[in-house]
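# Geometric and topological summary
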Amino acid sequence: MRWLGIVFLALLWALPARAEIKIQEVTSPGGIKAWLVEEPSIPFTALEIRFKGGASLDLPGKRGAVNLMTGLLEEGTGAMDARGFAEAVEGLAASFDYDAYDDSVAISARFLTENRDAAVDLLRASLVAPSFEQSAIDRVRGQVLSSIRSDETDPNAMAGRRFDEIAFGDHPYASSLNGTVESVTALTRQDMLDAHAGALARDRVYVGAAGDISAEQLGLLLDRLLGDLPATGLPMPANVDVKMPGGTVVVPFDTPQSVAMFGHEGIDRHDPDFIPAYVLNTILGGGGFEARLMTEVREKRGLTYGVYSYLIPKDHAALYIGQVASANDRVAEAMAVIRDEWTKMARDGVTEAELTQAKTYLTGSYALRFDGNSAIADILVGMQLDDLTPDYVVHRNDMVNAVTEEDIRRVAARILKPEALTFVVVGKPEGVQTQ
Amino acid sequence: MFKRAVLALPLLFGLSQAQAQGTDEQVTTFTLENGMQVVLIEDHRAPVVSHMVWYRAGSADETPGRSGVAHFLEHLLFKGTKTLAPGEFSKVVAANGGTDNAFTNFDQTAYYQRVAADRLGLMMKMEADRMVNLQLDAEDILTERAVIIEERNMRTENDPAALFREQAYAAQYLNHPYGRPVIGWRHEMEALSLDDALAYYRQFYAPNNAIAIIAGDARPEEVRALAEQYYAPLTPNPAIPDRVRPQEPPQTAERRLMFADPRVSQPYVLRTYLAPERDAGAQKEAAALTMLAEILGGGQTSVLARKLQFENPIAVWAGAFYTETSFDDSTFGMGIMPVEGVSLDAAEKALDKAVAEFLKEGVDAAQLERIKFLLRAAQVYALDNAEGKARRYGQALTSGLTVEDVQAWPDVLEAVTAEDIMTAARKVLNRNEAVTGWLMKEQPEVTQ
């Protein structure tokens, strides 16, 4: 055991009851780190791997390269072509998912204990030695192009794209990670090899595991799975300041219901005010019918099926955004109510009763997230990406409970910026102009 | 396969994943004296439970002309009762650190909460309350009607593919209420009244038409005691009608539709066939169709993907789907999304050709073996998701199946032979009993 460091054990007594989450910090013989929750009762393992950087590592003129490369990881390796690989995965009843996001490439795997070594070998081959065969590139490129074309007439995608353009200027965040028809059409096999070498490296890998595997077994697995990836990849993208102009931008589109995305800059995940801000957002527009936006826009006025706001702390910028959809002749009213609530919250903060209710909800529901091996593995890797320590699961509810009305008032005044609140509306909204 | 590009379509079509249950030592069921059934699926890994109440009543049980009322009522159940103020139900769940929601389908309406295990009694108390004590006023229903119309705007009116599928379903079911959308036809939704909602409520919401499903950290004796305390006192409704719905007449001509909308970016062809569903004690044919959907079009390794995405790559996506759990006759479907430059006509012909070849070639034994191994593994993975299992029980028990049917299903699937699959395929894949739809950006010019 000398080579295998289990550095820390955090115990979460989730609720006033019995179960607990034991997080082990594992370091492989080769130096790859992971967090593990060992749960031997069901004979399989869930593994969540993240390579930081993701689609924002696209090189100039190569937008969409990381995304296409990620889609090609399961399209053949060594002697196996795409279908051969799929048959092999199916034959083991394993499942591997490969996804590109703005800040990471994400691999989600699930495999049975009875054939774990074979499954890991297959996954390894797809990550370390993908073929990038030309016929696969062309086929998957066709799928990406189809997706790009669908987004061109999808009101939600249209709103998001325009919002990102305004928010992020010339940063990669400003454009879709799918790329454009032109950029994707021009991508070559060499671009795939470059994107692979740039994005999938050991200096940016994070792993969460949960299920029927010991720390020692996981250590060996990590070296086998990831040890042959390059040590370093491309430098991380720069940070970007979000400066929203305020006002409204209309994207005309002939559809019965307008879709509006609204927001401005947000707050960094590492900011000491993040937890108060998170509680604040729960009250303003977080999930649930109790949130103010839902109460005012839906419950009282019936203007929408759903209205939500979110804090989006990305790695290189932070947003505070929300979304609503209302019939073209009613969206102006929905927007006015949202602006009003945004302003009120910035000025007055929350009531004691609202704060108490949000705290009971947030602290009580936290444990519900640890819902099965895949969910736990996902939480473990997410915490590492956020630079949290394993004992966060123990202290998180205390941090929420420590938030005071005064904290919320201060943070509301700091992060809510009614003058910068910008709406992008896709549809034929009545009584709404670009201004 | 590229998930982001391709997953969208199977989801639109409805997934055809073979659903296998886990070893069912963890399942306990009993029926209260008032006819309410209770199912417990134990999972003691975390001190959490899901509590669901399923009603054997969905949109297909609505009175003609009142489409959408089942779903409308589902929304209204979050308004007040004699003892709870409007919105208080969800507020209490949230104040107890839980989450809650509900959904409506053709054959069922279900309400659920996820909470700490020691709050199960409170959830039962509140569900029992709104099963019989709903109190609505005219104000509630106007605001909520506006909400469901916005929901229809979001799910259907703003999405040409959803409008297309609604038309295709209406064409599939000439006589059976599955031809009406669950959310309702817009003009009928706009006219739904308080009386409509209450009439549906009084007709269908009663303990003898409901099933409570609990998944998670609870023990049988505890669940029985709580159910006796909260659900057993409810009075059954002897007037719950039998679920006899108008059935489809024999279909003697193929039905075709061309749906054009300028918002369509990615055209595709959709084909559905009327198909038998799982019946109590007789699930063999549905099992064969479930396997057929997997073999023909379940993913990267399927026959349609091989022929249409790999050997003759004219499709971005090609697949098959089947809804095996349904009260009345269901559908088996296929779809093809052509690559740019390939017409829908050519895509449909290629699909037909691929299916014709499959009917000649038969089932590949290695593929069948892999799928059966996947089904066995699915029972292991299912143990990690007690709530998913709760949903499968709820779906089945509100679709005319029994607990025994649910527990037998993995074995029925396992027993399916290649011959069973081909027999089912030959029977169901009959063009005269099909609906074929084209989703397009614009109507093609007709030339003679």
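The helix and strand inventory of chain B stands at 17 helices and 11 strands. Computed over C-alpha atoms, the radius of gyration of chain B comes to 23 Å, within 12% of the 22 Å expected from 2.2 N^0.38 for 448 residues, which places it in the range of a compact globule. Looking at the 448 residues of chain B, the share that counts as buried comes to 62%. Looking at chain B alone, contacts between residues at least 24 apart form 83% of all its contacts between residues at least 6 apart. Total accessible area on chain B stands at roughly 16700 Å², and carbon and sulfur atoms take up 52% of it. Across chain B, the centroid of the 44 positively charged side chains sits 3 Å from that of the 62 negatively charged ones.

Another aspect to go through is the sheet that holds strand β1 (residues 27–31) of chain B. Adjacent strands of a sheet form backbone hydrogen bonds with each other and so pair up, either parallel or antiparallel. Residue and element names in this part refer to chain B. Spatial ordering of the open sheet is given by β1-β2-β6-β3-β5-β4, a layout of 6 strands whose pairing is mixed. The sheet is open, and its two edges are formed by β1 and β4 (99–104), each paired on a single side. Pairwise comparison of adjacent strand axes, ignoring direction, gives a mean angle of 15° for this sheet. With 7 bridges joining them, strand β3 (residues 48–55) and strand β6 (residues 210–216) adopt antiparallel strand pairing. Each residue of the ladder has a partner; that of valine 53, found in β6, is alanine 212. Here helix α4 (residues 88–95) sits on the sheet and contacts β4 and β5 (109–116); the angle it forms with β4, its principal contact strand, is near 140°.

Residues and elements named next belong to chain A. Split by domain assignment, chain A resolves into domain 1 (21–226) and domain 2 (247–427). Each of domain 1 and domain 2 has a C-alpha centre, and these two points are 29 Å apart. Of the residues lining the interface, 35 residues belong to domain 1; the matching set on domain 2 comes to 33 residues. Taken over both partners, the interface formed by domain 1 and domain 2 buries close to 3100 Å², and the fraction arising from carbon and sulfur atoms is 76%. Across the domain 1-domain 2 interface, the total number found is 2 salt bridges. A salt bridge links aspartate 102 to lysine 314; its shortest N-O distance comes to 2.7 Å. There are 8 residue pairs in polar contact (both at pLDDT 80 or more) connecting domain 1 and domain 2. Put simply, the parts of the chain that give the side of domain 1 that touches domain 2 at least two residues each are β2 (20–27), β3 (33–38), β4 (44–52), α5 (155–168) and β9 (205–211). Of all the elements, α5 adds the most residues to the side of domain 1 that touches domain 2, at 10 residues. A class-by-class count of the residues in the side of domain 1 that touches domain 2 yields 20 nonpolar, 6 polar and 9 charged.

On to helix α5 (residues 120–132) of chain B, then. All names here are of chain B. With 13 residues, α5 ought to run about 18 Å at 1.5 Å a step, and its terminal C-alpha atoms sit 19 Å apart, in line with that. All of the buried residues along α5 are Leu120, Gly121, Met123, Met124, Met126, Glu127, Ala128, Asp129, Arg130 and Met131. In this structure, the buried side of α5 is in contact with β3, α4, β5, α9 (194–204), β6 and α10 (220–230).

In this section: the interface of chain A and chain B. Where interface size is quoted, it is often the accessible area lost as the parts come together. Contacts between chain A and chain B engage 78 residues on the former and 58 residues on the latter. In this assembly, chain A packs against chain B so that about 5700 Å² is buried in total across both faces, 57% of it on carbon and sulfur atoms. Of all residues in chain A, Arg83(A), Glu90(A) and Tyr305(A) give up the largest surface area on contact with chain B, accounting jointly for 13% of the area buried on that side. Put simply, Arg330(A) and Glu150(B) hold a salt bridge, and the shortest N to O gap is 3.0 Å. In terms of residue count, the dominant contributor to the side of chain A that touches chain B is helix α4 (residues 134–152) of chain A (9 residues).

A word on the nonpolar core. Residues and elements named next belong to chain A. Phe262, Val279, Ile415 and Leu416 are the most contacted members of the largest nonpolar core, which has 65 residues in total. For this core, the element with the highest residue contribution is helix α11 (residues 331–348), accounting for 8 residues. Looking at this core, you find at least three residues from each of domain 1 (21–226) and domain 2 (247–427). Beyond its immediate chain neighbours, meaning those up to four positions away, isoleucine 415 contacts His264, Glu265, Ile267, Ala277, Leu280, Leu311 and Tyr320. Core analysis: the second largest hydrophobic core is formed by 55 residues, Ile32, Ala94, Val205 and Leu218 among them.

What follows deals with the packing of aromatic side chains. With the rule as written, the count across this model stands at 23 aromatic pairs over all chains. Judged by centre distance (6.1 Å) and plane angle (50°), the ring pair of Phe164(B) and Phe259(B) falls under tilted. Taken together, the residues Phe164(B) in helix α7 (residues 160–172) and Phe259(B) in strand β7 (residues 255–260) connect sequence positions 95 residues apart. Comparing Phe164(B) with Phe259(B), the two get one shared label, buried. Directly above the aromatic system of Phe310(B) lies the positively charged group of Arg83(A), at a separation of 5.5 Å from the ring centroid. The lysine or arginine in question, Arg224(B), covers the ring of Phe30(B), its NZ or CZ lying 4.1 Å from the ring centre.

Attention shifts here to unusual backbone geometry. Residues and elements named next belong to chain A. Phi is positive for alanine 93, which is not a glycine, with a value near 55°. Backbone geometry places phenylalanine 132, a non-glycine residue, at a positive phi of 50°. Relative to the elements of secondary structure, phenylalanine 132 occurs in the loop between α3 (116–128) and α4.

The subject of this paragraph is the sheet that holds strand β14 (residues 422–427) of chain A. All names here are of chain A. As summarised here, the arrangement of the 5 strands in space is β10-β14-β11-β13-β12, forming an open sheet in which the pairing is mixed. A single partner strand is all that each edge strand has here, and the edge strands are β10 (247–252) and β12 (307–313). Direction aside, the axes of adjacent strands within the sheet are offset by 20° on average. Docked against the sheet, helix α9 (residues 274–284) engages β12 and β13 (318–327), running at close to 165° with respect to β12.

This paragraph deals with the side chain of Thr282(A). Residues and elements named next belong to chain A. On the secondary structure map, threonine 282 appears in helix α9. For threonine 282, a relative accessible area of 13% corresponds to the buried category. Those residues in contact with threonine 282 that sit more than four places away from it in its chain are Ala291, Ala358, Tyr361 and Leu362.

Attention now moves to the environment of Glu405(A). Residue and element names in this part refer to chain A. Tracing the chain through its elements places glutamate 405 in helix α15 (residues 405–415). A C-alpha to C-alpha distance of 50 Å links glutamate 405 and leucine 72, two positions 333 residues apart in sequence. In this view, glutamate 405 contacts Val350, Thr351, Glu352 and Leu355; residues no more than four positions away in its chain are not counted.

Scoring rules and cut-offs
Residues numbered from 1 in each chain as written. Chains lettered and ligands numbered in written order. Predicted model: local features only at pLDDT ≥ 70, side-chain atom pairs only at ≥ 80, totals over all residues. Heavy atoms only, no water. Helix = DSSP H or I, 4+ residues; strand = E, 2+ residues; numbered from the N terminus. Rg over C-alpha atoms; globule rule 2.2 N^0.38 Å. Buried < 20%, exposed > 50% of the residue type's maximum accessible area, 1.4 Å probe, protein only. Contact = heavy atoms within 4.5 Å. Areas by Shrake-Rupley, 256 points an atom, 1.4 Å probe, with all protein chains shown as cover. Lys, Arg positive; Asp, Glu negative; His and termini not counted. Charge placed at Lys NZ, Arg CZ, Asp CG, Glu CD. Pairing = 2+ DSSP bridges. Axes fitted to C-alpha atoms, helices over the stretch in contact; angles between N-to-C directions. Domains from an automatic or database assignment. Buried area = accessible area lost by both parts, 1.4 Å probe. Salt bridge = Lys/Arg side-chain N within 4 Å of Asp/Glu carboxyl O. Polar contact = N/O pair within 3.5 Å; in protein donor to acceptor, adjacent residues only side chain to side chain. Nonpolar A, V, L, I, M, F, W, Y, C, P; charged D, E, K, R; others polar. Expected span 1.5 Å × (residues − 1). Core = buried A, V, L, I, M, F, W, Y, C linked by side-chain atoms within 4.5 Å. Phe/Tyr/Trp six-rings, centres within 6.5 Å; stacked < 30°, edge-to-face > 60°. Lys NZ or Arg CZ within 6 Å of the ring centre and 35° of its normal.

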